[in-house]
Amino acid sequence: MRKFTMFCSAFALFSCALKAQTVATFDTLTLPGTDTFYRSYAHPGVDVGFNDGHAHFPCVYDTAYGGTWVTGFAYSNKSDTVTGSYTNEYSAKIGTGYGGTGKYVVAWCNNPTTYQYNMVLPLTGVAMGQPVEGFYITNTTYAYNSMRSGGYPAKKFGDTTGTGLTTGLGTAPDWFKLTVKGYHSGALQPDSVDFYLADFRPAGTANDSIIKGWHWVNLMPLGHVDSLRFSLSSSDNGSFGMNTPAYFCIDNFTTHESSLGLPTLASAIKMYPNPAKETLNIDFEGSSIQHVAVSDVVGNVLFGQATTGGHTQLNTAPLAPGIYFLKLTGNGDAATVKFIKE
């Protein structure tokens, strides 16, 4: 397994002939006002995420306990750089998006099924099966202030006693790390990219730091991927898992897709009803589609069937509610489109 570790320096973007890049800046996504964030209790326990660029950012909310964020991504324009508690989970420590823009995305890295600190972000359309250039990352105010000052059960980073009573940073080898891996054709790939959101290794050096500004994470070493898995880990752990708040912020998520004209094919496809319940109808008049396959957000192919004529119908009744992707192929062309099962 190859592992690529990213520190606090910027990395140049790769360029390639016949390639195009798409940047998800999140600036066109709507919010009700200043110092607000995306939230939807419309479908409790079901992905109510959003798309920008060529990626789907899953998000799950629940109505329990007056409304809770279960897992996923939420875009925000909050600027609270002071409040260091869970009540301020939607703010970036720097207070703005990359380059001073208003919006960015906050990630709550929680898997409610396995209770691990990971989640999957699927690519969409022409970006599926292509490299991802990377994104900018920073800490949330909640995570940053927790590591800087401590707060039960989290310890103050650099505190050798674990009580938060020592002064100064850099006296213990604490760290907080994001690991990104890719799925391709349903299989988790061996390569990974690490980025340290806080790093006190080795202890007591001039490099001791907790990330506050925006820093580039280069994902090109992961190669061709259909989706990305984000995992958080920390040196500060207790009997219930990681004590460090499992949050981070991203902006300018950049894909690196082939410019093969696939959007033209995708635009010729009509699906209905979407969201689907028992069946999904697909019209593709004038195209050369010969096969259609359904995959989940990780890229696992669930089933497929041959097509004839300009219309086919899929039985979606066995699918669990959620986000799925439809890959249509024929005569060397391919297109991937998203649909929702209610």
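Scroll up to find the structure.
The rules behind each value
- Residues numbered from 1 in each chain as written.
- Predicted model: local features only at pLDDT ≥ 70, side-chain atom pairs only at ≥ 80, totals over all residues.
- Heavy atoms only, no water.
- Helix = DSSP H or I, 4+ residues; strand = E, 2+ residues; numbered from the N terminus.
- Buried < 20%, exposed > 50% of the residue type's maximum accessible area, 1.4 Å probe, protein only.
- Contact = heavy atoms within 4.5 Å.
- Areas by Shrake-Rupley, 256 points an atom, 1.4 Å probe, with all protein chains shown as cover.
- Salt bridge = Lys/Arg side-chain N within 4 Å of Asp/Glu carboxyl O.
- Core = buried A, V, L, I, M, F, W, Y, C linked by side-chain atoms within 4.5 Å.
- Pairing = 2+ DSSP bridges.

A. Examining the overall build of the protein more closely. Each helix and strand counted, the protein has 2 helices and 24 strands in total. Within the protein, the fraction of its 342 residues that count as buried is 51%. Considering only contacts within the protein whose residues lie at least 6 apart along the sequence, 68% involve residues at least 24 apart. When the accessible surface of the protein is summed, it comes to about 15000 Å², and 54% of that surface belongs to carbon and sulfur atoms.

B. Region of the structure containing the pattern of salt bridges. Tallying each qualifying case throughout the model produces 4 salt bridges. Here Asp 194 makes a salt bridge to Lys 177, at a shortest N to O gap of 3.8 Å. Pair noted here: Asp 194 is in strand β11 (residues 187-199) and Lys 177 is in strand β10 (residues 175-184), with a separation of 17 residues, a long-range link. The same class applies to Asp 194 and to Lys 177, which are both buried.

C. Quick look at the nonpolar core. The biggest cluster of nonpolar side chains holds 66 residues, and the ones touching the most others in it are Phe 73, Phe 230, Leu 232, Phe 248 and Phe 253. Grouped together as the second largest cluster of nonpolar side chains are 17 residues, Leu 280, Phe 284, Ala 335 and Val 337 included.

D. Looking closely at the pairing of strand β19 (residues 279-283). Bridge count for strand β18 (residues 270-272) against β19 is 3 bridges, and the pairing is antiparallel. Directly across from Lys 270, in β19, lies its bridge partner Asp 283. Here β18 folds back onto β19 in antiparallel fashion, the turn holding 6 residues.

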